[in-house]
Amino acid sequence: KQWYQRRVRGKYESLAVHKIEERLTFDMSALTDIRRPTICYLRNMCSDPWHSQKQKYLQNLLLDSYSVIKTEVVNIISEQELWSVSDTNASGSWQKLFLYNQGKKIEQNCLEMPRTTALIESLDTFMSGVIFGNAFISILNGQSTIEPHCGPTNLRVRCHMGLQIPQGDCSITVNGIREHWANQECIMFDDSFLHSASNKTDSQRIVLIVDLWHPNLTITEIKIFGELFAVRH
């Protein structure tokens, strides 16, 4: 408790800080396996796992640049040295190209995708500079599965924008509800809920993933959490 009090005390209204102290927990023992984030949990938040019908203006900003983003991905897809192989309980092959990794900007990759980077940085709720903030291209190869897991916190929602989605059995399941990606469409969900992904086709599934502040947080709460979980250099 003392470490985060030091980061925000004196910078924000004491009542706002006190309310966060009452709601924020790092003890997940009382939570169910269906929703058990790995780092922290804010009590009394929205319990809806799916957010695809919300924040439409952000989705539209991304979708309006679909062709630009896809072109930059196609141009970089063969540069294997820039891609990392994920080890998050995946069977098959799951690759990522990070523009932001846990809040840190990956300069070399951003230079390769300048217009996509500029677009992401223009999103007012992108978790830039925060350890929970990622932006990356995700490739789930054919006949691959990402096993059920929970994300680090319920302070964010994760946006998947379909760039290359194969026909057939290719889907994501969140809190037991299955959805299919589609080209030039966004799926948004709270990844503190148990979720998994599967590509049972023989083609690659490619999506852009961006982490955004949860829409139920106030501007003051976002500022406070931005201080608490800022990337430390």
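Residues numbered from 1 in each chain as written. Predicted model: local features only at pLDDT ≥ 70, side-chain atom pairs only at ≥ 80, totals over all residues. Heavy atoms only, no water.

**Quick look at the overall build of the chain**
Counting its secondary structure elements, the chain contains 7 helices and 14 strands. What you see for the chain is a C-alpha radius of gyration of 18 Å, in line with the 17 Å of a compact globule of 233 residues. Relative to its full complement of 233 residues, the chain shows a buried share of 53%. Restricting the contact set of the chain to residue pairs at least 6 apart, pairs at least 24 apart contribute 75%. Considering the chain, the positive charge centre built from 24 side chains and the negative charge centre built from 25 side chains are found 6 Å apart. (Helix = DSSP H or I, 4+ residues; strand = E, 2+ residues; numbered from the N terminus. Rg over C-alpha atoms; globule rule 2.2 N^0.38 Å. Buried < 20%, exposed > 50% of the residue type's maximum accessible area, 1.4 Å probe, protein only. Contact = heavy atoms within 4.5 Å. Lys, Arg positive; Asp, Glu negative; His and termini not counted. Charge placed at Lys NZ, Arg CZ, Asp CG, Glu CD.)

**What about the layout of surface pockets?**
By volume, the largest pocket is sized at about 540 Å³. Ranked by the residues each element gives to the lining of the largest pocket, the list is headed by strand S5 (residues 94–101), at 4 residues. Looking at side-chain class alone, the lining of the largest pocket contains 14 nonpolar, 11 polar and 5 charged residues. (1 Å grid on protein atoms, 1.4 Å probe; cavity = no way out; pocket = protein on both sides within 12 Å on 5 of 7 lines; lining within 4 Å. Points joined across faces, edges and corners; volume = space filled by probe spheres on them. Nonpolar A, V, L, I, M, F, W, Y, C, P; charged D, E, K, R; others polar.)

**Observations regarding the environment of Ile 206**
Structurally, the position occupied by Ile 206 is in strand S14 (residues 205–213). Overall, the relative accessible area of 3% leaves Ile 206 in the buried class. Considered as a pair, Ile 206 and Leu 42 are 164 residues apart in the sequence and their alpha carbons are 31 Å apart. Ile 206 has contacts with Val 73, Ile 77, Ile 137, Ser 138, Ile 139, Met 161, Gly 162, Leu 163, Gln 164 and Ile 165, leaving out every residue within four places of it along the chain.

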